[in-house]
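Coordinate inspection notes
Take a look at the letters that make up each chain.
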Amino acid sequence: MTSIFETKLERTLDTLVASATPGQSIDAWTFDDAKSRRAAEQALKDKGVMARIHSAHKPLLFAFLEEIDLEGVTAIEVRYPIHADAPANRFRLEAYPLAALVGDADIAFIAREDDELVYDVTLTRNGQTETLKVQAPNRVHTDAVGETNLSPTGWISRDGATGERLETDYERLFSLAIDAIANHDWGNEEPYFEELNIAVSHPAEDMPLAVGDEVVSLREALHEDFYFSLLELFQKKSGRPLGDRGLKPGQIVPEIVRSNGEISVRVETRPLSTGFRDGPEQEIDTASEPPAVAQMSRLLSDIGGEEFDARSRSGRVLSAHYVRGSDTAVMISGGQHPNETTGIVGAIRAARALKQRAGAHFTISPIENPDGYALHQRLRVDNPRHMHHAARYTALGDDLEYRTLENSGAHLNEKAIRFTAQELSKAQLHINLHGYPSHEWTRPLSGYVPRGFGMWTLPKGFFLIMRHHAGWTQQAEAILDHVTRHLGAIPGILDYNNRQIVLYETHAGETGFRIINGFPCLSSVDDRHTVPLTLITEYPDETIYGDDFVTGHTAQMETVISAYDVWQTLNACTA
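Let me sum up the structure you'll find in this document. (Residues numbered from 1 in each chain as written. Predicted model: local features only at pLDDT ≥ 70, side-chain atom pairs only at ≥ 80, totals over all residues. Heavy atoms only, no water.)

Details of the packing of helix H5 (residues 169-183) against helix H6 (residues 218-238)
Short version of the rule: Axes here refer to lines fitted to C-alpha atoms; in helices the fit is confined to the stretch in contact. Angles between the N-to-C directions go from 0 to 180 degrees. Think of it this way: any DSSP run of H or I at least four residues long counts as a helix, any run of E at least two long counts as a strand, and we number them from the N terminus. Working rule for angles: under 35 degrees goes down as roughly parallel, over 145 as roughly antiparallel, 65 to 115 as roughly perpendicular, anything else as oblique. Throughout, a crossing is termed right-handed when the near helix is turned clockwise from the far one, and left-handed when it is turned anticlockwise from it by less than a right angle. Should any heavy atoms of two residues lie within 4.5 Å, those residues are counted as being in contact. Classification convention: Asp, Glu, Lys, Arg as charged; Ala, Val, Leu, Ile, Met, Phe, Trp, Tyr, Cys, Pro as nonpolar; all other residues, Gly among them, as polar.
Running from N to C, H5 and H6 point in directions that differ by 25°, and their axes come no closer than 11 Å. Accordingly, the angle class assigned to the pair H5 and H6 is roughly parallel. The handedness of the crossing between H5 and H6 comes out as right-handed. Of the residues in H6, those in contact with Tyr170, Leu173, Phe174, Ala177, Ile178, Ile181 and Ala182 of H5 are Leu218, Ala221, Leu222, Asp225, Phe226, Ser229, Leu230, Leu233 and Phe234. Across the contact of H5 with H6, the residue classes break down as 14 nonpolar, 1 polar and 1 charged.

Now the structure itself:
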């Protein structure tokens, strides 16, 4: 274990209260929850200071939640800025999910031609219009990898003056830790460490919203910003392009926990974890949370067939089974990204159902990334409602999808399971079950919109992706048509999709994807996969539990069974 950096910071709200002069008026924007900001306002009032402390994170949303009276409002017009250093829809995205929180009022988002960092809001009430401005303090800055960002920032205005940037504790904690990691000598050989742990204590409470699974969480946002910023930092160090998923830096683990007021960060390297934190046993068909590894192992054994396995970097065993039959074979997998949890259950449920059929022919590997799954179970202890993208990749720090025989070196590890599955089964269709965030995903200190993942920042229903080799377009389209028709017959799923897609379009603009039988889809030629056809599911499942989790893994299971069935038909037609 090596200590890299450690510090405690004074809380910005405490500094504001201590430094204020009686008789002043203050407007400030900080990264704090509403309860803490109201308490600071009261402390300032007790000193004779009139103050309003706004949220620097999602300022328009919080203006409506905390300040704007919607009684009698029938229409809302929001004019938002477009800035050269941000995506064109950045400030429209940042207002999410406002459109679902204004009752029956009609709401329209209209881009302005200037880049003044304010929202112009017009309310129509009782036939009369009211206008107001909502400030959105931001700063243009260059980040640790040399990219220019427009990011939300703290701000303070005294006695009605224009104001100036206020570097908040939230921003300073992040920048100090990133700088310390950037300046450390990591050597030149990947992986650079076993586990790089960033332990943060921060007092912000999460704020659930009355829309789907939406929650505003400063701590979750900090996890996301640390994790992806550090991936980018090590991508740059290695000479790889930003977004490269073959980078193997080691396991990056931000652990952001709620404190009683302390703001601190500790960065250190640790040995790899090798154990599992297992949850309770559940009836798998009605599992309400990610299942225990021991239970998944038993369920996989019950399926029978020929067992084959691989080992992860930490030494955890990744098991899979090959059920040989007279049908045309398919490969079924889940847990490539283990924080995408419905696919893990959906895969094992589908395999259990198919095993009952005469002639069933498939491979099943429900947890392809056991190190990531173990990390997800560990991180969920503190907050199960956070996305925990640190569990997305392997303990090597790469996406196993992008690990090949050519680039793996001595680290083929988990990826061997797919090569073995294809060799045993000769399958030409791989059904690869995934998920994505069920609530908004942001990186507020690095431009707000997650770099490279802008398409996934908002939920948009159950999404299907087909990647296929050249010459396989007809089969790919037939599978998508059949599967979406099958899924559309499941009660409630089309309504669920429609609600999310409408809200997505309101806040993101054009979707950029096709709608096939009510399901958003992408299909493209991609010769990177060794299997000619790869059907990838994307269910909005990160952080869902209970009945929502059951609905999710049932949809995943039905996708597998439907794709398996149409694949038999397609092969019968071409035989």
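Here's the deal with helix H2 (residues 34-46)
Going by this rule: Working rule for helices: expected span equals 1.5 Å times residues minus one. Buried means the residue's accessible area, taken with a 1.4 Å probe over protein chains only, is under 20% of the maximum for its type, while exposed means over 50%, and partly exposed covers the values in between. By construction, the arc corresponds to the directions joining the helix axis to the C-beta atoms.
Here H2 spans 18 Å end to end across 13 residues, near enough to the 18 Å set by a 1.5 Å rise per residue. For H2, the full list of buried residues reads Ser36, Arg37, Ala40, Glu41 and Leu44. For H2, the buried positions fall inside an angular range of 140° around the axis, keeping them on one side. Turned more than 90 degrees from where H2 packs its buried face, Lys35, Lys45 and Asp46 sit exposed. Taken together, the buried residues of H2 touch helix H1 (12-19), strand E2 (25-30), strand E3 (50-55) and helix H3 (59-66). Backbone geometry just downstream of H2 places Gly48 in the positive-phi region, at approximately 85°.

Examining the environment of Asp159
Its location among the elements puts Asp159 in the loop between strand E10 (154-158) and strand E11 (164-166). The spatial distance from the C-alpha of Asp159 to the C-alpha of Leu400 is 55 Å, given a sequence separation of 241 residues.

With respect to empty space enclosed by the protein
Here is the rule: We place a 1 Å grid over just the protein atoms. Points where a 1.4 Å probe fits but has no way out form a cavity, open points with protein on both sides within 12 Å along at least 5 of 7 lines form a pocket, and any residue with an atom within 4 Å of a point lines it. Grid points are joined across faces, edges and corners, and a volume is the space filled by probe spheres set on the points.
The tally for this structure, following the rule as stated, stands at 4 cavities of 30 Å³ or more. Empty space within the largest cavity amounts to approximately 120 Å³. What lines the largest cavity is a set of 15 residues, and nearest its centre among them are His57, Val215, Ser217, Glu440 and Thr442. Those elements that place two or more of their residues in the lining of the largest cavity are strand E14 (215-216) and H6. Counting residues per element, the lining of the largest cavity draws most heavily on H6, which supplies 3 residues.

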